Amino acid sequence: MNLLQQFKEHISNRQLFTAANTLWLAVSGGLDSVVLCELCQHAGFRFKIAHCNFQLRGAESDRDESFVRQLALRYNAHVSVNTFDTENYAVAHQLSTQEAARVLRYDWFASLIDKEGSAALLLTAHHADDDIETLLMHFFRGTGLQGLTGIPETNQRIRRPLLAFSRDQLETYAKEQ
């Protein structure tokens, strides 16, 4: 069975979302989020794209933004882009740059789906390898048994439909497409 069929069955079996939901896809421009777009498109789901430009990698960040805008055109999808002053936010709130980007990203994503109403959901491209990495990070930080969890597949209005698939599967699918 190919990845597209597995993806559709996984969404259906786990009741992650339906065509009735307004879907916002968090798209960085990397392989994982591009494959998520491709799978959603081929599965027949209509979606919107949300992209964060954290201004952390200079011209490379701008190239990612441009690429994501081109993807939106390809999929005939609405795109929203937010440009953040991540480094100043991190300093002002005494956070690491990575934590500041996470806070900025999820706060903005929440505002996007809140505007859409209760049927709106955010989809992220976290996959099985990310889940294992998160579990190991928790373990090595010395968490107790309660904290020994990976990334949840559903968390309020966030869905992670690729958690059942490995990075290798996503790469293979990308090469095939």
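Before any of the text, the structure's been laid out above.
Residues numbered from 1 in each chain as written. Predicted model: local features only at pLDDT ≥ 70, side-chain atom pairs only at ≥ 80, totals over all residues. Heavy atoms only, no water.

*Asks:* Explain the overall build of the protein residue by residue, including any values.
*Replies:* Across its full length, the protein holds 7 helices and 6 strands. Each helix and strand of the protein, placed in order from N terminus to C terminus, yields the pattern α-β-α-β-α-β-α-α-β-α-β-β-α. Among the 177 residues that make up the protein, the fraction classed as buried is 40%. Only carbon and sulfur atoms are counted for the fraction: they give 47% of the accessible area of the protein, which is about 10,000 Å². (Helix = DSSP H or I, 4+ residues; strand = E, 2+ residues; numbered from the N terminus. Buried < 20%, exposed > 50% of the residue type's maximum accessible area, 1.4 Å probe, protein only. Areas by Shrake-Rupley, 256 points an atom, 1.4 Å probe, with all protein chains shown as cover.)

*Asks:* Account for the layout of surface pockets, with residues named and values stated.
*Replies:* Think of a ball as big as a water molecule: rolled over the atoms, this probe shows where empty space is left. For the second largest pocket, the calculated volume is near 190 Å³. Every residue lining the second largest pocket is listed: T22, L23, Q41, F45, R46, F47, K48, Y75, N76, A77 and H78. Elements with a contribution of two residues or more to the lining of the second largest pocket: β1 (22–26) and β2 (47–53). Here the residues of the lining of the second largest pocket sort into 5 nonpolar, 4 polar and 2 charged. (1 Å grid on protein atoms, 1.4 Å probe; cavity = no way out; pocket = protein on both sides within 12 Å on 5 of 7 lines; lining within 4 Å. Points joined across faces, edges and corners; volume = space filled by probe spheres on them. Nonpolar A, V, L, I, M, F, W, Y, C, P; charged D, E, K, R; others polar.)

*Asks:* Before we move on, could you go through the pairing of β2 and cite the residues and values that matter?
*Replies:* β2 sits mainly inside the fold: 6 of its 7 residues count as buried. Note that β1 and β2 share 4 bridges and pair parallel. The residue of β2 that forms the bridge with W24 is K48. Sheet topology places β2 next to strand β3 (residues 79–83); 5 bridges connect them, and they run parallel. Paired with A50 across the two strands is S80, which belongs to β3. A crossover links β2 with its parallel partner β3, the connecting element being helix α3 (residues 59–75), and its sense is right-handed. (Pairing = 2+ DSSP bridges. Right-handed = clockwise from strand over helix to strand, strands pointing away.)

That's the geometry; what it means functionally is another story.
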